[in-house]
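# Notes for the structure review
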Amino acid sequence: MIHTKWIFTALALLLTLGACTDDDSTQADYSRVSDITISELEKSYSVTAYLGEHLRITPTITTKNSDDDMTYQWLLYSGKTGTVVNGDTIPPTVIANTRDLDYEVAMAPGAYQLRLLATDRQSGYTVYATTDLSVSTSFSEGFYVLKETADGNTELDQLTAKGMEAHNLLNKTDGSSLKGKPASIWPIYDIDYINPDDKSIAQTNALAIVTDDGDAIVKRTTDFRSVFDRNNLYYGKMDDSEKIYGFFATDVGYHYLVTSSGLRYTTSTGKSTGQYGNPVNTVGGSAHIACDITSYGSSMVWDEKAQSLMVTDYNGNASPLTFKDQSGEELTQNLNGFSCRHIGYNLMNRKGTFTAVLSNGTKSYLYLVAPAFSGTFLSARKQLSDDSHLAHATSISTCGNMAKYIYCIDNGRLYAVNFAEDNLPENQLYPEGIPADETINFVTNQYWQGQKSGGTNFDYLIVGTQKGNNYVLRFYEMNGGVPVGKPVKTISGEGSVKMVRYVYTHFNTTDWQFFINAYSITD
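Here the structure is a predicted model, which means the values were calculated and not measured. (Residues numbered from 1 in each chain as written. Predicted model: local features only at pLDDT ≥ 70, side-chain atom pairs only at ≥ 80, totals over all residues. Heavy atoms only, no water.)

### Points about the overall build of the chain
On a plain count of helices and strands, the chain comes out with three helices and 39 strands. C-alpha extents for the chain along the principal axes are approximately 115 × 55 × 40 Å. Taking as baseline every contact in the chain between residues at least 6 positions apart, the subset at least 24 positions apart corresponds to 56%. Charged side chains of the chain number 40 positive and 58 negative; the gap between the two group centres comes to 4 Å. (Helix = DSSP H or I, 4+ residues; strand = E, 2+ residues; numbered from the N terminus. Contact = heavy atoms within 4.5 Å. Lys, Arg positive; Asp, Glu negative; His and termini not counted. Charge placed at Lys NZ, Arg CZ, Asp CG, Glu CD.)

Next up, the structure:
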């Protein structure tokens, strides 16, 4: 659509002065007032934000003027343009001052109007053309990579469903990375919240990002806008000393928040604010959390404060981990000097297993735990030998569905530990396509096994390498828990990888009710 606009306050004054015919003053150069036409703009454009995609438009502009005699401006109008906030009118956003547009799209999704102004520099005569712009994002589906930046802060990259890479999403959407080293990320489906757009109660899928010092933000995956942080997670004020560790859900409608003060929950009804109430227990948590499907949400968590392994039932009631006869508490409680290096989850033949690796620097133990609706109990505690790769591993991940393996990285090599065998045999794996000058330093098993949830199922072993400040993640299909063939996906970027999680557009808890381990909440 083409429009003209006379910006001629000065010209009106010149015309008034021109009525004095005996005046020797210089007359205005009316010959400069000539037609300007703009064409070759599409009726509308569609782009995806935050992927490095550029909106490029080359309009045809017809004028007798030279380019030196013209000025150009591209303006972006949103639904808020022209509204008054705190006494100030929101203006359109200037995105370019060039004839042709080359703009990297980094804005919230929505409908916009794009306007090109072409102006005669001397007379002020202006013509403008408009077109519609539709902006979407890829946040609702794909693999999120939690990483540490070179300056020790938290950032996110993404490998989208279409195989495109997006980098440093927090900086692009929030203007800066999240302060502090990264700890964990947690997909959250169908969480209630107060929509910041119109203050209504709604539901959304979200991704929670937690830092090593216990801070957190929760972003909805439609546009990556923050909807929760430590200032509004509770009905009341969160104590400044309280550390946030993680988020998980159960198929009975509870969303749990694990902090240093205990386990809290909120319900998913579409009618609440989504804020978390008082603790259902006061177990001091950690980022090491696993949740079982067959017992409708029983969990195991490492209590960092008490240095103890704790278990909860589907209502969140906590108790020390013991054998079924209630013995063995000395093996799991008040383990002074021990730290938790891994908690994982495996589900095969409709039977779940929690795995945990604890170490005090000189001794390391593997715990195998059997969760069930009737109770979650310790099955075995095995001391790892001094030459065990698992004992010295720098990255650990439990295979979720395909085999009773614990994957680990030791001295730049990948191993699979068979935890179903008493002697815990360790076999080295050789993923294809990794150059000799890249060091293997990361492993995780990520999968999507949705049936009622839909989507394309996959089960990948993701192997990460590091070279300087650059990482590469390679995604391998598996056979019997072993990577086969060349990687089917890759993503690379700057920083050091901490965690990878997959997010889909929809999740149906019916999958859990049928004992389907649809996606991983832990490594």
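### Examining the confidence of the model for the chain
On average, the chain scores 89 in pLDDT, and the residues at 70 or more come to 93%. With pLDDT under 50 throughout, residues 1-30 is counted as low confidence; its partners more than four residues away or in other chains account for 30 contacts. (pLDDT = per-residue confidence, 0-100.)

### Things to note about the environment of F338
Structurally, the position occupied by F338 is in the loop between β26 (318-320) and β27 (339-348). In this structure, the C-alpha to C-alpha distance between F338 and K363, residues 25 residues apart in sequence, is 9.0 Å. If near-sequence neighbours (up to four positions away) are discounted, F338 is found in contact with W302, Q307, L358, S359, N360, K363 and Y365.

### With respect to the sheet that holds strand β35 (residues 439-448)
Sheet strands line up and pair through hydrogen bonds in the backbone, either parallel or antiparallel. Taking strand neighbours across the sheet as the criterion, the four strands line up as β35-β36-β37-β38 in an open arrangement whose pairing is antiparallel. Of all strands in the sheet, those bounded by a partner on one side alone are β35 and β38 (482-494). Strand-to-strand twist of the sheet, defined as the mean angle between neighbouring strand axes without regard to direction, takes the value 25°. The pairing of strand β36 (residues 458-467) with strand β37 (residues 470-479) spans eight bridges and is classified as antiparallel. Paired with Q466 across the strands is Y471, a residue of β37. (Pairing = 2+ DSSP bridges. Axes fitted to C-alpha atoms, helices over the stretch in contact; angles between N-to-C directions.)

### Remarks on the sheet that holds strand β22 (residues 262-267)
With antiparallel pairing, the three strands of this open sheet are ordered in space as β20-β21-β22. Edge positions in the sheet fall to β20 (244-249) and β22, since each of these pairs with one other strand and no more. Recorded for the sheet is a direction-independent mean angle of 20° between the axes of neighbouring strands. Where β20 meets strand β21 (residues 254-259), five bridges bridge the pair, whose relative direction is antiparallel. Pairing of F248 across the sheet is with Y256, part of β21.

### Here's the deal with the packing of aromatic side chains
This model, assessed by the stated rule, comprises 31 aromatic pairs. Positioned above the aromatic ring of Y234 is the side chain of R264, whose terminal nitrogen or guanidinium carbon lies 3.8 Å from the ring centre. Stacked on the ring of Y365, the Lys or Arg R381 has its end atom at 3.6 Å from the ring centre. (Phe/Tyr/Trp six-rings, centres within 6.5 Å; stacked < 30°, edge-to-face > 60°. Lys NZ or Arg CZ within 6 Å of the ring centre and 35° of its normal.)

### A few points about the nonpolar core
Ranked by internal contacts, the top residues of the largest apolar core, which has 119 residues, are L156, F247 and L473. Considering each element in turn, this core owes the most residues, seven residues, to strand β16 (residues 182-194). Those residues in contact with F247, other than ones at most four positions away along the chain, are W186, I188, A208, V210, V218, L233, Y256, L257 and Y276. (Core = buried A, V, L, I, M, F, W, Y, C linked by side-chain atoms within 4.5 Å. Buried < 20%, exposed > 50% of the residue type's maximum accessible area, 1.4 Å probe, protein only.)

### A word on the pattern of salt bridges
Pairing of side chains with opposite charge becomes possible as their charged atoms draw close. On inspection of all chains with the given rule, the structure shows 15 salt bridges. Here E242 and R264 are joined by a salt bridge, their closest N and O atoms 4.0 Å apart. One end of the pair, E242, is in the loop between β19 (226-229) and β20; the other, R264, is in strand β22, with 22 residues separating them in the sequence. As far as the burial class goes, E242 and R264 line up, both buried. In this structure, the salt-bridge partner of K486 is E432, at a minimum N-O distance of 3.8 Å. You can see K486 sitting in strand β38 and its partner E432 sitting in the loop between β34 (426-429) and β35, a full 54 residues away along the chain. Residue E432 is classed as partly exposed on the basis of its relative accessible area, which comes to 36%. Within this structure, D197, R220, D223 and R225 form a network of salt bridges that share partners. (Salt bridge = Lys/Arg side-chain N within 4 Å of Asp/Glu carboxyl O.)

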